[in-house]
Amino acid sequence: MYINGAFVDSVSKKTRNILNPATKEVIATVPEAQIEDVNAAVDAARAAFDGEEWKSKTAQDRQKILFSIAGKIRENFEAFVKLEVENNGKPIREAEFDIDDAASCFEFYAGLATKIHGETMSVPGNSFSYVTREAIGVCAQIIPWNFPFLMCAWKLGPAIAAGNTVVLKPSEVTPLTALFLAQLIDELDIPKGVINIVTGDGPIAGNALISNTKIDKIAFTGGTSTGKYIGKIAAENLKKATLELGGKNPVVIFDDCKMDLAIDWGLFAAFANSGQVCTAGSRILIQDTIYDEFVKQFVARAKNIKVGDGSDAENTMGPIVSQAHFDKIKAYIEVGKSEATLAFGGNSDDSKGFFIEPTIFTNVTPNMRIAREEIFGPVVALLKFSTEEEAIAMANDTEYGLGYGLFTQDVTRVHRVMPKIRAGIGWVNFYHPTFNEMPWGGYKQSGTGRELGLYGIENYLEVKQVNINLDTDPVGWY
Ligand code: NDP
């Protein structure tokens, strides 16, 4: 682990084996942080934040630091891709996208570091009144296993740009690219304690981190039930929290769409990263007039997806990240078989790695479990609607509100439908592309706050008002 500028074991000497999900081979052994390790990391981040060295860095210094982190990532691009594929299982082309996007995220926030502005206000009386923005303090950052390195960038980039210090905990199953980044960060001129990375599980290490009262903010990406728990602890300790949680995201296909395009992006929506994406388009709502044709082409094209070890460039869908998650998805496929029609896939094999076929269910109705619950795997539900109003109602008929897609060539329909969908991230005639410049986050049970873009840095800043009396005559109050 990387605590206070040094690579350390857990005080308890406990370790955890890290597996390649495509082969089940042990590819690394990492420390298993216990409460005392996490507390040491928080103390280091606290001391770094409260001390002079980090505070004395200017916005331009922080900008240089973030650009050098991005530079290190780009210099070591191939190594990052290889490690991400081995640890998470995703195909090379997806890992390449993630690593490049992570470097771009650091570059984006490097740019923003020098654009944190204050304001002056006209107030009554003789006061010169202004607003400044300051770093929040020590940030506890907890990230999941589906985009291990990209999530590191989304968390570290804005936090460091704003002048905070951090303790970041990657998922217990995918800590390797975060640790590799620590190695590269160690070569840069960053004061010790500013960035700390602890490896360990959620219930012990994660819990110790979010419960530590010396932190000032929690930033979490993960499942909704864990997010609710973390939100509760944050509320008890009055810590600021941003929560990026799950989704059951609708992709609405109208009959005036370009069918090829809708099939292309519909498959990507459902099966990119083996469906292990918070915005996965796991509910595809298709207008009844084109339902049969869409299903026919969707299934035919799904057959082209090649499932296998992500390190083989021929494979376009990798394994599921872990045995536990594989078992959960398998159970959902059984639920699907009992309530809908299995149109394609459904088979799985965990003899060598955790592989599940792309799985398509048809004749799905809105109240079925596979239409309501987040499966977080390569399982998609195809539903039918007849009118625009029905499509909107079905799209919104979920406790979540993260992503949504529309496929139509009618621009007036786009503007009619968009405002009626209760979700934070919309795509029209494509799906999933993510831009560092744009705010990311959900409505309803999909979380609170926004990451990325200008919105993302706001969540790492305190707002302070300062009022200067320009009237030097005594008032004589008493
Ligand atoms: P979690 O939400 O439990 O894990 C996300 C992160 O939170 C991990 O770093 C995890 O650590 C940590 N964590 C877990 N419990 C605690 C806790 N009590 N205190 C602090 N941190 C904690 O996801 P799971 O891996 O359990 O997956 C469960 C479901 O969540 C998935 O099936 C999927 O539906 C959803 N999910 C959604 C994601 C998203 O991006 N929206 C990402 C991942 C999952 P550790 O991994 O070490 O336990």
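From a predicted model like this one, the values you see are computed outputs, not experimental measurements.

Basis of the calculations
Residues numbered from 1 in each chain as written. Predicted model: local features only at pLDDT ≥ 70, side-chain atom pairs only at ≥ 80, totals over all residues. Heavy atoms only, no water. Core = buried A, V, L, I, M, F, W, Y, C linked by side-chain atoms within 4.5 Å. Buried < 20%, exposed > 50% of the residue type's maximum accessible area, 1.4 Å probe, protein only. Helix = DSSP H or I, 4+ residues; strand = E, 2+ residues; numbered from the N terminus. Domains from an automatic or database assignment. Contact = heavy atoms within 4.5 Å. Salt bridge = Lys/Arg side-chain N within 4 Å of Asp/Glu carboxyl O. 1 Å grid on protein atoms, 1.4 Å probe; cavity = no way out; pocket = protein on both sides within 12 Å on 5 of 7 lines; lining within 4 Å. Points joined across faces, edges and corners; volume = space filled by probe spheres on them. Near = heavy atom within 4 Å. Polar contact = N/O pair within 3.5 Å; in protein donor to acceptor, adjacent residues only side chain to side chain. Areas by Shrake-Rupley, 256 points an atom, 1.4 Å probe, with all protein chains shown as cover. Sits in = over half its atoms within 2 Å of the grid points. Nonpolar A, V, L, I, M, F, W, Y, C, P; charged D, E, K, R; others polar. Expected span 1.5 Å × (residues − 1).

(A) Structural view of the nonpolar core. Grouped together as the largest cluster of nonpolar side chains are 94 residues, with contacts concentrated most on I69, I195, I253 and F298. In terms of residue count, the dominant contributor to this core is helix 5 (residues 92-113) (11 residues). A domain-level breakdown of this core finds at least three residues from each of domain 1 (2-245 + 446-465) and domain 2 (250-428). For I195, the contacting residues outside a window of four places in its chain are Y2, I69, L156, I160, V166, I185 and I190. If you look at the next biggest cluster of nonpolar residues, it comprises 33 residues, including A371, V379, I392 and V417.

(B) Structural view of the pattern of salt bridges. Counted according to the given criterion, the structure contains 24 salt bridges. With a closest N to O distance of 2.7 Å, D100 and R74 form a salt bridge. Taken together, the residues span a long stretch of sequence, with D100 in helix 5 and R74 in helix 3 (residues 59-75) at a distance of 26 residues. Judged by relative accessible area, R74 falls into the partly exposed class, the value being 34%. A single network of salt bridges, built from pairs that share partners, joins D256, E388, R413 and R416.

(C) Spotlight on the layout of surface pockets. Computed from the structure, the largest pocket encloses a volume of approximately 880 Å³. Surrounding the largest pocket, 36 residues form its lining, P144, W145, G222, G223 and T226 being those nearest its centre. Per-domain counts for the lining of the largest pocket show at least three residues from each of domain 1 (2-245 + 446-465) and domain 2 (250-428). For the lining of the second largest pocket, the secondary structure elements donating two or more residues are helix 5, helix 6 (148-161) and helix 10 (259-271). Here the lining of the second largest pocket spans two domains, since at least three of its residues come from each of domain 1 (2-245 + 446-465) and domain 2 (250-428).

(D) Geometry of the site of the ligand. Inspection of the region around the ligand gives 28 residues, with I143, W145, E172, G223 and K328 positioned closest. The separation between an oxygen atom of the ligand and a polar main-chain atom of G202 is 3.1 Å. Bound to the protein, the ligand loses 85% of the 850 Å² it would expose on its own. Spatially, the ligand is embedded in the largest pocket. Of all the secondary structure elements, the ones that give two or more residues to the shell around the ligand are helix 8 (202-211), strand 10 (217-221), helix 9 (224-236) and helix 12 (323-339). Class assignment of the residues belonging to the shell around the ligand gives a composition of 11 nonpolar, 12 polar and five charged. For the shell around the ligand, the domains that each give at least three residues are domain 1 (2-245 + 446-465) and domain 2 (250-428).

(E) View of helix 1 (residues 35-50). For helix 1, with 16 residues, the first-to-last C-alpha span of 22 Å sits near the 22 Å given by 1.5 Å per residue. Inspection of helix 1 places D37, V38, A41, V42, A44, A45, R46, A48 and F49 among the buried residues, and these make up the whole buried set.

Honestly, that's just the spatial picture; any functional story needs more than this.
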